[in-house]
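# Chain and residue survey
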Amino acid sequence: MRKLSMLQGYQRPKITHNAYTDDSGAPIGYGQRWDDQPPAETYSVTAHPQRFSPVQVVAEALVEWICEFYKVRCFEDPRPSGPIAGT
């Protein structure tokens, strides 16, 4: 018996990945910045918020799909978070 996916019908939007470079100008491959876990201090970095724009694109598409597929109400409230700069 085939198990149905909980997200049946949802299609994640295509995401364009921007090129990022390290301090020496060398390109950083997606997910390749560190060999292991990122240093703890990197979690508080607030520079370059546009690097999170792919997460926002996917989240917005997922919320839209949920609103279409399920009987829910969705309210937009810009106070908790606003658009990411550079998107």
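Residues numbered from 1 in each chain as written. Predicted model: local features only at pLDDT ≥ 70, side-chain atom pairs only at ≥ 80, totals over all residues. Heavy atoms only, no water.

## Details of the overall build of the protein
Each helix and strand counted, the protein has 1 helix and 2 strands in total. In the protein, the succession of α and β elements from N to C terminus is β-β-α. Among the 87 residues that make up the protein, the fraction classed as buried is 5%. For the protein, the share of sequence-separated contacts (at least 6 apart) that also reach a separation of at least 24 residues comes to 66%. For the protein, the exposed surface amounts to about 8300 Å²; the carbon and sulfur share of it is 56%. (Helix = DSSP H or I, 4+ residues; strand = E, 2+ residues; numbered from the N terminus. Buried < 20%, exposed > 50% of the residue type's maximum accessible area, 1.4 Å probe, protein only. Contact = heavy atoms within 4.5 Å. Areas by Shrake-Rupley, 256 points an atom, 1.4 Å probe, with all protein chains shown as cover.)

## Focus: the packing of aromatic side chains
This model, assessed by the stated rule, comprises 4 aromatic pairs. Consider the rings of Trp-65 and Tyr-70, whose centres lie 5.9 Å apart with planes at 85 degrees: the pair is edge-to-face. Assessed through its relative accessible area of 37%, Tyr-70 is described here as partly exposed. An aromatic cluster is defined as three or more aromatic residues linked by ring pairs; in this entry it consists of Tyr-10, Trp-65, Phe-69 and Tyr-70. (Phe/Tyr/Trp six-rings, centres within 6.5 Å; stacked < 30°, edge-to-face > 60°.)

## Quick notes on a nonpolar patch on the surface
Together, Met-6, Leu-7, Ile-66, Phe-69, Tyr-70 and Val-72 make up a nonpolar patch on the protein surface, roughly 580 Å² of accessible area in all. Examined against the element boundaries, Met-6 turns out to sit in the segment before strand S1 (20–21). Met-6 sits in the exposed class, given a relative accessible area of 69%. (Patch = residues over 30% accessible without salt bridge, like charges linked within 9 Å, V, L, I, M, F, W, Y side chains within 5 Å. Salt bridge = Lys/Arg side-chain N within 4 Å of Asp/Glu carboxyl O.)

## Considering the environment of Thr-16
Along the chain, Thr-16 falls in the segment before S1. Taking the C-alpha atoms as reference, Thr-16 lies 7.8 Å from Pro-54; in sequence the two are 38 residues apart.

## As for the confidence of the model for the protein
Scored by pLDDT, the protein comes out at a mean of 80, with 84% of its residues at no less than 70. Confidence, expressed as mean pLDDT per element, reaches its minimum in the protein at S1 with 84 and its maximum at helix H1 (residues 53–69) with 89. (pLDDT = per-residue confidence, 0-100.)

## Notes on the state of the cysteines
Such a bond, covalent and formed between the sulfur atoms of two cysteines, is termed a disulfide. Under the criterion given, the structure shown has 0 disulfides. Cysteine Cys-67 shares no disulfide, and the gap to the nearest cysteine sulfur, in Cys-74, comes to 4.0 Å. For Cys-67, a relative accessible area of 30% translates into the label partly exposed. (Disulfide = S-S within 2.5 Å.)

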